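Report on the structure
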Amino acid sequence: MRLKRLALCAWAFSGLAWSQSAPTGLRCEYLVAPMGVDVPQPRLSWVLEHPQRGQAQSAYQVWVSLTPGVPAGDQWDSGRVNSAQTAHVVYAGKPLASGRTYYWKVRWWDAGGAASPWSAVTRFDTGLLAASDWKGRYIGGANQLRKEFSLERAPARARAYIAGLGYYELRINGRKVGRSVLDPAFTTYDQRVLYATYDVTGFLQRGANAVAVTLGQGWYGGRVLKFQLHVEVEGGGRLEVVSDASWKVAQGPLLADSVYDGETYDARQETSGWDRPGFDDSKWKPASLVEGPKGVLSAQLMPPIRVVDTIVPLKLTSPKPGVWVCDMGPTFSGLVQLRVRGARGTTVRLRHAELLYDDGTLNVENLRAARATDTYILRGDGAEEVYEPRFTYHGFRYVELSGFPGAPKIDTVRGKVVHTDVKPAGGFIASKPILNQIQRLLLWGIKSNLHSIPTDCNQRDERMGWMADAHLYAESAMLNFDAAAFYTNFLRNIRDIQGADGSVTDTVPHKYGRRPADPAWGAAYPLIAWYVYLYNGDRRILEEHYPGIKAWTDFQRTRSQDGILSYSYYGDWVPAERTPGDLVSTFYYFYSAQLTARMAGILGRAADAETYRKLAAEIQEAFNRRFWSADNQWYGNGSQTSQILPLYLDMAPKDRRGAAFGHLRNSIVYYNNIHLMTGILGTKYGMELLGRSGQLDLAYDLAAQTTYPSWGYMLEHGATTLWELWQERTGPSMNSHNHPMFGSIGAWFYSALAGINADPEKPGFERIRIQPGAVRDLRWASGTLETVRGTVLSSWSRTERSMRLEVAIPVGSEAEIHLPTLNLPDVTVRESGREVWKGDAFQPGAPGLRGARRAGGVIIFQAGSGHYRFELESQ
Ligand code: BGC
């Protein structure tokens, strides 16, 4: 990589025609070469690199074609567009047709007008764009469904479209299609059903073919299939296979399946060859046409759930005769693959748990009603049998085997890690080990809970899209993972459950909790939309959801009285110290109004912006009237969260700020011996507030704390993922050991310590503030992000007398780089060896650096794109 970069530089400076490379990282709707795009005008994005600093795109040209090599822009030739836009460029060509493959490429002109070569060609496939394109009917009748058909000529192109509820596994001619599991995503099925599109050309053959589908109940709680296969054969000719009454069905070896309870699989009932052509299905019943859900069919435009990793167990013990327990190491979401040999009809039971009792047996008390048990009944033909459940998942660290024939070995089981296959998009690491350990906890916790929706937990009888949990860890998820498409889908889920009165619900899809949502929970609608916008510059997400967000704010208004919103169910949930619910609800009512105003401004709706600014001002006034205690000089009941919330959004008038902040500080430092007493809400905003109010050292002490309540306390007590409670509990009460809502600290690592900050005025990292958190004993920290515009890096280290900072800013972005002077006298700064600051003044000349000024303990550099290495030293 390094060599390549050097070579590139040499090439650039040698004065050859191409100074910049072709665009890379081409995406459509956030996805690489997506299948089944059903957005009428999908958005295209690309990433640029340039050997020179301070570079930007002055123009681009996109060609879209139905011909693989893209010899011309026959579907769309954007022409040379003078624009710096590299992300979310809206397709503006001929109307897209259903079920086609569109190939595209792009080139760009740099700031000096030099053109790049064309990018490599990529593609997107359209889905079924009109409801009338769907010919398949919903069918059901049993959990195995099959259909044979014949092709007179070899297949040239084939696409399968499938909506199989609750879960499906699609097989063609004996092979599983795709790597998705637990598909499709959980939606409000009467509003929206997601279908997947697969390229199955390679699965088909001339002559006889068979499509075979197994259905599980999933979240839908029933089994129905809608399917369509479009085949084009060589030399022309088309064939469609659709789900209808001509399919055959039978009950297979899967005797029972439930997300919470697990699966029962009787291998004696397997009918080999049922998924291939030529199978005798004369005893099978015809499929019945069934009602199916009422929802529209919509393409699943996000990464599916997959088996993403395999875990080898750490330890195998036998706490009781005939009972074995495997310790997988971390707590995770997934299942166990079992290898077993034994007599026909032998029944092996796998029970999953997060906890053990002291005697080494499973403690399943905190799973509540979820049985989390998979049962496998052996075929017993002498061969080794491999079983992996399909339509369930568990949140667990330990698995118990009983009924196993003989003695299991460590190789008997493997852990399969299962979650939405979001790729890592960021990294954070620092010199303080406990921070890295917390980062590991929250990464495992968040991944375990990205399960087509952001869930609260992964083990007990919930696993729901609880909305506060969702917005609290959304930023951590977006900074660590490529999750924009995932949250785009979740926002649609929120819109799907919105009532005509504007109300949203505590969980989305709505299965648990109430309507209307607790205001702190409903806030997920404006907040998640805002985060997607902030981190990706995605204006369309605001356009799409503005009416719904506004309706949610209006709904809260109908429930408010004189600017106060009093209803509250949970408030600052699971705290060490309680905060009044009406204070929390009114804070979120204010936050909603403020975001609505802001979004209206961005979307050019000036009248709305004014209306909601006024509303926010009214709420703010009411908040101060109601919750400020003149006697005590604090907000609410004096709890930490009561101070944090109004301070975080600058709701406190200047003359109260100092008192409220002072009280907060005293509470943390003196009354509570450097501990947060906050619940999930106060924790997120508290860390951010301290960080940006000159109290980063205190926030850091809280992050590094190891006694109750703290993240370190969880670690010291053996946590491998974040807990639901600050307390250590193991009984039947609510105490999940994998609950990512306290994972909000993950975003703080990037912003406050590594120092990478997005700027709402130029979202999507078009403008970046790099502000390293050189605090206390932290010697170095490093953060890297793959953004829509390319890589952002901030990596710093320091000694007693020096500070180094390495920064990468993508082409087309600009940065404000805050270099701490560490209170050193008489500092000089070099950038890549060249003096850029000396005698308390900026030294011009370094490419990309546009200026610098001193502001207290930092020197702030203005920089264009490029890779910079700063070294600050005291003379
Ligand atoms: C969930 C939470 C959720 C809460 C609402 C719990 O059962 O697990 O994380 O936000 O209910 O109070």
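Treat the numbers as computed from the prediction; the structure is a model and nothing was measured. (Residues numbered from 1 in each chain as written. Predicted model: local features only at pLDDT ≥ 70, side-chain atom pairs only at ≥ 80, totals over all residues. Heavy atoms only, no water.)

**Comments concerning the overall build of the protein**
If you tally the helices and strands in the protein, you get 15 helices and 47 strands. Against the compact-globule benchmark of 29 Å for 875 residues, the protein has a radius of gyration of 29 Å, which places it among compact chains. A principal-axis box enclosing the C-alpha atoms of the protein has dimensions of 90 × 70 × 55 Å. With an accessible surface of roughly 31,800 Å², the protein has 49% of that area assigned to carbon and sulfur atoms. (Helix = DSSP H or I, 4+ residues; strand = E, 2+ residues; numbered from the N terminus. Rg over C-alpha atoms; globule rule 2.2 N^0.38 Å. Areas by Shrake-Rupley, 256 points an atom, 1.4 Å probe, with all protein chains shown as cover.)

**What about the sheet that holds strand β1 (residues 24-28)?**
Taken in spatial order, the three strands of this open sheet run β1-β2-β5, and their pairing is antiparallel. For this open sheet the edge positions go to β1 and β5 (89-90), each flanked by a neighbour on one side alone. Where β1 meets strand β2 (residues 43-47), three bridges bridge the pair, whose relative direction is antiparallel. By the bridge assignment, Cys28 is partnered in β2 with Leu44. (Pairing = 2+ DSSP bridges.)

**Some details on the packing of aromatic side chains**
Scanning the entire structure with this criterion turns up 47 aromatic pairs. Ring centres of Trp530 and Tyr533 lie 5.4 Å apart, and the angle between their planes is 40°; this geometry places the pair in the tilted category. Note that Trp530 and Tyr533 are positioned in helix α6 (residues 524-536) at a spacing of three residues, about one turn of the helix. Pair check on accessibility: Trp530 and Tyr533 agree, each one buried. Where Phe623 meets Tyr635, the ring centres are 5.8 Å apart and the plane angle is 45°; that geometry is what we call tilted. With Phe623 in helix α9 (residues 606-627) and Tyr635 in strand β35 (residues 634-635), this residue pair connects regions lying twelve residues apart in the sequence. Judged on exposure class, the residue Phe623 and its partner Tyr635 are both buried. The structure contains a cluster of three or more aromatic residues connected by ring pairs, namely Trp466, Trp521, Tyr567, Tyr569, Tyr570 and Trp573. The residue whose ring lies beneath Arg80 is Trp109, and the NZ or CZ to ring-centre distance is 4.4 Å. If you follow Lys226 out to its NZ or CZ, it ends over the ring of Tyr138, 4.8 Å from the centre. (Phe/Tyr/Trp six-rings, centres within 6.5 Å; stacked < 30°, edge-to-face > 60°. Buried < 20%, exposed > 50% of the residue type's maximum accessible area, 1.4 Å probe, protein only. Lys NZ or Arg CZ within 6 Å of the ring centre and 35° of its normal.)

**A short note on the environment of Gly406**
Along the chain, Gly406 falls in the loop between β31 (394-402) and β32 (413-420). The spacing of Gly406 and Gln228 is 178 residues in sequence and 46 Å in space, taken between C-alpha atoms.

**Here's the deal with the side chain of His451**
Among the secondary structure elements, His451 is positioned in the loop between α2 (433-449) and α3 (467-480). Residue His451 is classed as buried on the basis of its relative accessible area, which comes to 4%. Among residues more than four places away in sequence, those in contact with His451 are Leu182, Ile305, Ser333, Tyr393, Val418, His419, Thr420 and Phe486. (Contact = heavy atoms within 4.5 Å.)

**Looking at the packing of helix α7 (residues 539-559) against α9**
It is at 13 Å that the axes of α7 and α9 come closest, and there the two elements cross at 35°. Crossing of α7 over α9 shows left-handed handedness. Every residue of α9 that contacts α7 at Tyr546, Lys550, Thr553, Asp554 and Arg557 is listed here: Asp608, Tyr612, Leu615 and Glu618. In the contact of α7 with α9, the residues fall into three nonpolar, one polar and five charged. (Axes fitted to C-alpha atoms, helices over the stretch in contact; angles between N-to-C directions. Left-handed = near helix turned anticlockwise from the far one by under 90°. Nonpolar A, V, L, I, M, F, W, Y, C, P; charged D, E, K, R; others polar.)

**Quick word on the site of the ligand**
Looking at the ligand, the residues that line it are Asp456, Arg460, Glu462, Trp466, Asp469, Trp521, Tyr570, Trp573, Glu724, His739 and Met741. One nitrogen or oxygen atom from the side chain of Arg460 is found 2.6 Å from an oxygen atom belonging to the ligand. Here His739 contributes a side-chain N or O atom positioned 2.8 Å from an oxygen atom of the ligand. Alone, the ligand offers 310 Å² of accessible surface; in the complex the protein occludes 95% of this. (Near = heavy atom within 4 Å. Polar contact = N/O pair within 3.5 Å; in protein donor to acceptor, adjacent residues only side chain to side chain.)

**Brief notes about the pairing of strand β19 (residues 262-266)**
With four of five residues buried, β19 lies mostly within the body of the structure. Inspection of the sheet shows strand β18 (residues 254-258) paired to β19 by four bridges, in the antiparallel sense. Looking at β19, one finds that Asp257 is bridged to Glu263. Count of turn residues in the β18/β19 antiparallel hairpin: three residues. Note: β19 against strand β29 (residues 373-377), three bridges, orientation parallel. Within β29, the position partnered with Tyr265 by the bridge is Tyr376.

**Focus on the confidence of the model for the protein**
Close inspection of predicted coordinates is inappropriate for parts of the model with low pLDDT. Within the protein, residue pLDDT values average 96, and 98% of them lie at 70 or more. Confidence over residues 1-18 falls short of pLDDT 50; this stretch has ten contacts with residues more than four positions distant or in other chains. (pLDDT = per-residue confidence, 0-100.)

**Side note on the sheet that holds strand β3 (residues 59-65)**
Judged by pairing direction, the sheet is antiparallel, and its four strands sit side by side in the order β4-β3-β6-β7 without closing on themselves. Only two strands of the sheet have a single neighbouring strand rather than two, namely β4 (76-77) and β7 (122-125). Relative to strand β6 (residues 101-109), β3 runs antiparallel, the two being bridged by seven bridges. Opposite Val62, over in β6, you have Val106 as the bridge partner.

**Looking at the side chain of Thr683**
Position of Thr683 relative to the elements: it lies in helix α12 (residues 680-692). Dropping the residues within four chain positions of it, Thr683 is found in contact with Leu676, Thr678, Trp711, Trp726 and Phe742.

**Things to note about helix α11 (residues 654-671)**
An ideal rise of 1.5 Å per residue puts 26 Å on 18 residues; α11 measures up with 25 Å between its terminal C-alpha atoms. Those residues of α11 lying buried are Ala660, Phe661, His663, Leu664, Ser667, Ile668 and Val669. Residues of α11 that are buried make contact with β34 (628-629), β35, α10 (640-648), α12 and α13 (696-704). Just downstream of α11 lies Asn673, where phi reads positive at about 50°. (Expected span 1.5 Å × (residues − 1).)

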